[in-house]
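Tertiary structure, described
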Amino acid sequence: GSSSSTSVLRVVKLLKIVRLARIMAVLRSGKLDVLQDTTMRFAHMFGCEASFSFIVGFSKMVFVILWMNHLGACLWWSFLVATEENTDTGRAWHRDHAADFGIAAVLDSGNRDLDIYWYLAGLYWSVTTMFSGASTTPPRNSAEVIFSLGFVVFGMLFGSTLISAVAAMLVDFQLQRRERSTQWNKLRKFLKQHRVNCLLSLNIQRQVNERMEGETLMSFEDVPVLSLVSVHLRASLWHNIYAPVLSSHPFLALCDLFDDRFIKNLCSSAITSKVVHPGEELLRSGAEVSKTLILVAGTISYSQSYDRDSLNHIAPAKHLQVLPETWICEVALWCHWTARGLAETVSPGEVLSVAANSFIEVIQKHIEVSAIIQDYSSTLCRFVLNERLQLSDIASQNPIEGDHIICAMSDESRIQLSLPALTSLLSHISTDIRAELEAEVRNGKCYLTRDVEGHVLRVVHLVILRITQAPHLVCVKFGELSKDPNETYVEFSRVKLPGTKNRPGEMPKETVKRFLGDEFPMLKPFVTDALGGGEVEISEVSSERYNIPTRYVRTAFTVQVDDDVLHHSSCITVQHEPHEDPHLAAMEFFTWQPHESKCGTGVYGWVTEHELEKLVQIKENKRRRSVHYCV
C-alpha cells in the first residue's frame, strides 16, 4: 500500500501538474494573444507580417513537439518507477542502462546528476520512439513491450497530424508569397512597359505596398453559417456590434434613452455593413447623397476641392485623413445633401451606412421619438441658414455642435429628452433640489443628458459678447445699477464678459441680437451687421448646487468699436471709499443704455487682457456704492 502511494506521488511530481495548470491559465487569460497582436502590429509596420506569422506558427509547433516529448519522458520515468520491482523476465530498461554505463540502478538515488541523466534518457527514448517507431533501447519485458506499442501508435498519429499541419502552413505561406510576388511583377511590368516616370513609379509602388499589408476584415457574407441563426438572435448580434457606433451620435443616444428600442430597430432595419478594400471610392463630389456613412474600421482619404452650401459660399480645399468612428454626410439623414468632396479608402476596413429612407421608416414606428426628430431636423436646417455656415461631408469638420441644435429646439422636445436623465436622479438628490433642477429644465435654462460613462450631465448654453477697442482693450461687466429709480447705488458682482443664456428656439446669432437689443440698444445699430461666426468653447465643471457635472457651451462673438461708437455710451462716476482698490477707484464706468432707462442696467468698463485675467479670478462680492451720472 505504501509503495503504490509513493509511486503515485512521484508521478504527480514528475508530471508537474501545478506548472501545467499555470501555463494553461496564462493561455486562457489571453495575455499571449495580446502579446502576439502587439508584435504583429510592429511586423505590419515593417512589411513582414506574413513572414512573422509563419515564424510564430512554426515556433508553436516546435513548442508542442518539445512539450509532448517532455510528457513522454515523464511517462517513461513514471512507468519505470511503477514496474521497478515487477518484471517477468528479470530484466528492465533501468537495469540495462545501469549495467551498460556502470551507474547505480536505483531510480530515486538522491543524486541530482543521475536524476538529470534519467530524464534525458527518457526524453531521448520518447523522441526516437515517437518519430521513428523504434528506439535504441528495446523493451526488456512484457510490460515494456505493451507500453512501447502504445507509445508508437500515439507517435504515429501525432507525427502524421504534425507533418500535415506543417505542410499546410508551408504551402499557405508559399501561396501568399507567390500571389504577392505575381502582383508585384505585374505592377512593375506595367509601369515599365508604359514608361512611367521613375518618381511617380516609386510613389505608386510605395502606396500599393502600404495598402497590400492591411488585414481584410470579415463580413457577414464571409460567414455563411450566420444565416442559420434566428432573426431574433441576428438582430441581437447586430445590436451588440453596431449599437455603440450609432450611440456615438449624441442626439441618437438621447433618443435611445427616451425610447430604448430605437437604436435596436435602427440596427436591425436601417443599417448596412460593408467591408471595403484600399482604393474604393465611397463619395464623389457633386453626387446626391441619400445615406450617412460611418467609418467603423480602417482609414479613408477625403479631399474637398470646394464646398458649395445652400448659400453658394465656397470654402478652401481640404485634405483629411478620416479615422474610425467618424460620421460622413451625417446631414443627409436630416435634409437633402450633395457631396462636397471625394472620399476613398486607404486601408482595408468596414463602413456602416444608414439609408435616409430606412431611417424614416424606423422613425415612423416610434411615434414619441418621431416628433423630437422632426424638431431636430428642422432646427438643424434653420441653424445652417441663420448662421450662414459652410458645411463639409465630414461631421467633425462642421461648425455645428449637437448641443447647439438641441438647445435651439422647442421647450417640449428639450423637456422630453431631459426626462430620462431627470428620473434617474430621484435617488441621488433631494426632492427640493430635484424640483429646482426640473424647473430650470422647464424654463429652458438647461437640459439634461448623459456623458459617455452614463452619468447625468447638465448642459447650459451661453452667448458671450466680446467688445474690443484699440489698443487691446476689452469691455467687461462690473455690476448693475439699482433697479429702484429712487436709489443711486451700484451692485458690484464678479467681473465677467457680457453675455446671456440661450433661450429655447434661439440660434446663437439670434441670442446675441436679442442681447444687444436688451443690454446694448445704443450699440446695436453699429455692430449687428459686423457680427461674424461665433467661436465655440466647451468646458465641464461640477455644479455645487446640483452636485452633477455641468457642461458650459459658450459661443463668443467678437465686435470692434471705434471712437464714434463710444460717444453713444453714458459715463457714471462711482464714489469709492479711501480703502477701496485704487485700480477700481481710477476706473471709468459707463452704460450702453439711454439716460431715461438706466434702472437695472449693466455697468461696464474697459480693461486690458492682462487685467481681465486677474479680475475674473476674484470671488463674487456684492457691495452698494453711491453713484453720480456724468452726462
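All residue numbers here refer to positions counted from 1 along the written sequence of the relevant chain. Side-chain atom pairs in this predicted model are given and counted only at pLDDT of 80 or more, local residue features only at pLDDT of at least 70, and totals for whole chains, interfaces and linings cover all residues. Side-chain metrics in this entry use all non-hydrogen atoms of the structure; hydrogen atoms and water are not considered.

Comments concerning a nonpolar patch on the surface
Patch membership requires over 30% relative accessible area and the absence of a salt bridge. Like charges are linked within 9 Å, and nonpolar side chains (Val, Leu, Ile, Met, Phe, Trp, Tyr) within 5 Å. Values of accessible area rely on a 1.4 Å probe in the Shrake-Rupley scheme; residue burial ignores everything except the protein chains shown. Salt bridge, as used here: a side-chain nitrogen of Lys or Arg that lies within 4 Å of a carboxyl oxygen of Asp or Glu. Where nonpolar side chains cluster on the molecular surface, the patch consists of Phe58, Val62 and Leu66 and spans about 280 Å² of accessible area. Per the convention used, a helix needs a DSSP run of H or I reaching at least four residues, while a strand needs a run of E reaching at least two, with both numbered from the N terminus. With respect to the secondary-structure elements, Val62 resides in helix α4 (residues 49-82).

Things to note about the pattern of salt bridges
Counted according to the given criterion, the structure contains 13 salt bridges. Two residues, Glu480 and Lys477, come together in a salt bridge whose shortest N-O distance is 3.3 Å. Only protein chains enter the accessibility calculation, which uses a 1.4 Å probe; a residue whose area is less than 20% of its type maximum is buried, one above 50% is exposed, and one in between is partly exposed. You can call Lys477 buried: its relative accessible area is 15%.

Notes on the nonpolar core
Buried together is how nonpolar side chains tend to be arranged in soluble globular proteins. By size, the foremost hydrophobic cluster in this structure holds 62 residues, and its most contacted members are Leu246, Phe251, Phe262, Trp334, Phe359 and Ile373. A total of seven residues in this core trace back to one element, the largest contributor, which is helix α13 (residues 367-387). Within the second largest apolar cluster, 19 residues are counted, among which are Trp93, Trp118, Phe158 and Phe173. The criterion is simple. A nonpolar core is a set of buried Ala, Val, Leu, Ile, Met, Phe, Trp, Tyr and Cys residues joined through side-chain atoms within 4.5 Å.

Quick look at empty space enclosed by the protein
The rule is simple: put a 1 Å grid over the protein atoms alone, call a set of points where a 1.4 Å probe fits but cannot get out a cavity, call an open set with protein on both sides within 12 Å along at least five of seven lines a pocket, and count a residue as lining if it has an atom within 4 Å of a point. Grid points are joined across faces, edges and corners, and a volume is the space filled by probe spheres set on the points. Under the defined criterion, the tally for this structure stands at one cavity of 30 Å³ or more. Every residue lining the largest cavity is listed: Cys329, Glu330, Val331, Trp337, Ser392, Asp393, Ala395 and Asn398. The residue inventory of the lining of the largest cavity, partitioned by class, reads four nonpolar, two polar and two charged. Put simply, Ala, Val, Leu, Ile, Met, Phe, Trp, Tyr, Cys and Pro go in the nonpolar bin, Asp, Glu, Lys and Arg in the charged bin, and everything else, Gly too, in the polar bin.

A word on helix α12 (residues 356-364)
Taken as a whole, α12 has its buried residues at Ala356, Phe359, Val362 and Ile363. All buried residues of α12 lie within an arc of 120 degrees about the axis, which places them on one face of the element. Opposite its buried face, α12 presents the exposed residues Asn357, Glu361 and Gln364, each directed more than 90 degrees away. The arc in question is the one traced by the directions running from the helix axis out to the C-beta atoms.

Thoughts on the pairing of strand β5 (residues 300-304)
Side chains Ile300, Tyr302 and Gln304 project from β5 onto a buried face, and the interleaved Ser301 and Ser303 project onto a face without burial. At least two DSSP bridges between two strands are required for those strands to pair. Alignment of β5 against strand β9 (residues 342-345), held across four bridges, turns out to be antiparallel. The residue bridging Ile300 from the neighbouring strand is Thr345, located in β9.

Section: the confidence of the model for the protein chain
Per residue, pLDDT captures the predictor's confidence, and it can take any value from 0 to 100. Looking at the protein chain as a whole, the pLDDT averages 78, with 76% of positions reaching at least 70. Contacts are residue-level and defined by heavy atoms, with any inter-residue pair within 4.5 Å sufficient. Here residues 307-316 is a poorly scored stretch, pLDDT under 50, and it has 24 contacts once near neighbours within four places are set aside; other chains count. Taken together, the stretch residues 620-631 has pLDDT below 50 and engages in 41 contacts with residues farther than four places along the chain or on a different chain.

Some remarks on the packing of aromatic side chains
Planes of paired rings set the category: under 30 degrees apart is stacked, over 60 is edge-to-face and the rest tilted, where pairs are Phe, Tyr or Trp rings (Trp by its six-membered ring) whose centres lie within 6.5 Å. The final tally for this structure, using the stated rule, is 16 aromatic pairs. Aromatic pair Phe251 and Trp334: ring centres 5.9 Å apart, planes at 75 degrees, arrangement edge-to-face. A residue pair is termed long-range when its members are at least 10 positions apart, and Phe251 in helix α10 (residues 250-258) and Trp334 in the loop between β7 (326-328) and β8 (337-338) qualify at 83 residues. With a centroid separation of 5.6 Å and an interplanar angle of 85 degrees, the aromatic rings of Trp334 and Phe359 are classed as edge-to-face. Of this pair, Trp334 sits in the loop between β7 and β8 while Phe359 is found in helix α12, placing the two residues 25 residues apart along the sequence. Like Trp334, the residue Phe359 is buried in the burial classification. Through pairs of rings, three or more aromatic residues link up here, namely Phe79, Trp125, Phe147, Phe151, Phe154 and Phe158. Whether a charge sits over a ring comes down to the Lys NZ or Arg CZ being within 6 Å of the ring centre and within 35 degrees of the ring normal. In this arrangement the basic side chain of Arg340 is found over the ring face of Trp337, its NZ or CZ atom lying 3.8 Å from the centre.

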